[in-house]
Amino acid sequence: MSKYDDIEYTDHEGRSCTYIPSANATSAQRKRLLKALQSNPINTIEAREYLGIMHPAGRIKELRDLGFNIRSVPTVVEQNGVSSTIATYHLRPYHDAEE
């Protein structure tokens, strides 16, 4: 069992229960992010706006901790006339080691 799975426990009356994280729980955010990455690369702004993940870098780190090979590529974007560098995340095959 991973530290990111649903949590099974016994309540005060001895019943077996499972805590299932809400849609905004980090585990649910990881699942949405991983599903998106399996289709296409996604950047920080897209993860926030379309997936509702306010801290994509944190979810990426957790996915990496679980063994997923995700590469971060610096990407320059312009918003309101200001250039910023954000990350674009790419899910890579397990055998394709980062350089």
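Everything discussed here concerns the structure shown above.
One structure accompanies this document, and this report is about it. Nothing here was measured: the structure is a model prediction, and the numbers come from that model. (Residues numbered from 1 in each chain as written. Predicted model: local features only at pLDDT ≥ 70, side-chain atom pairs only at ≥ 80, totals over all residues. Heavy atoms only, no water.)

Some points on the sheet that holds strand β4 (residues 69-79)
Phase 1: Strand order in the open sheet formed by three strands is β3-β5-β4, and the pairing between neighbours is antiparallel. Looking along the sheet, the strands with just one partner apiece sit at the ends: β3 (42-43) and β4.
Phase 2: Contacting β3, β4 and β5 (82-92), helix α1 (residues 26-37) crosses the sheet at an angle of about 80° to β5.
Phase 3: Docked against the sheet, helix α3 (residues 56-65) engages β4 and β5, running at close to 165° with respect to β4. (Pairing = 2+ DSSP bridges. Helix = DSSP H or I, 4+ residues; strand = E, 2+ residues; numbered from the N terminus. Contact = heavy atoms within 4.5 Å. Axes fitted to C-alpha atoms, helices over the stretch in contact; angles between N-to-C directions.)

Points about unusual backbone geometry
Both trends apply: most residues other than glycine have a negative phi, and most peptide bonds are in trans.
Phase 1: Notably, Asn80 is not glycine yet its phi reads approximately 55°, a positive angle.
Phase 2: Checked against the element boundaries, Asn80 lands in the loop between β4 and β5.
Phase 3: Look at Asn80 and you get exposed, because its relative accessible area is 81%. (Buried < 20%, exposed > 50% of the residue type's maximum accessible area, 1.4 Å probe, protein only.)

Regarding the nonpolar core
Phase 1: Core analysis: the largest hydrophobic core is formed by twelve residues, namely Leu33, Leu34, Leu37, Ile42, Ala47, Leu51, Ile53, Ile60, Leu63, Ile70, Ala87 and Tyr89.
Phase 2: Secondary-structure elements contributing two or more residues to this core are α1, α2 (44-51), α3 and β5. (Core = buried A, V, L, I, M, F, W, Y, C linked by side-chain atoms within 4.5 Å.)

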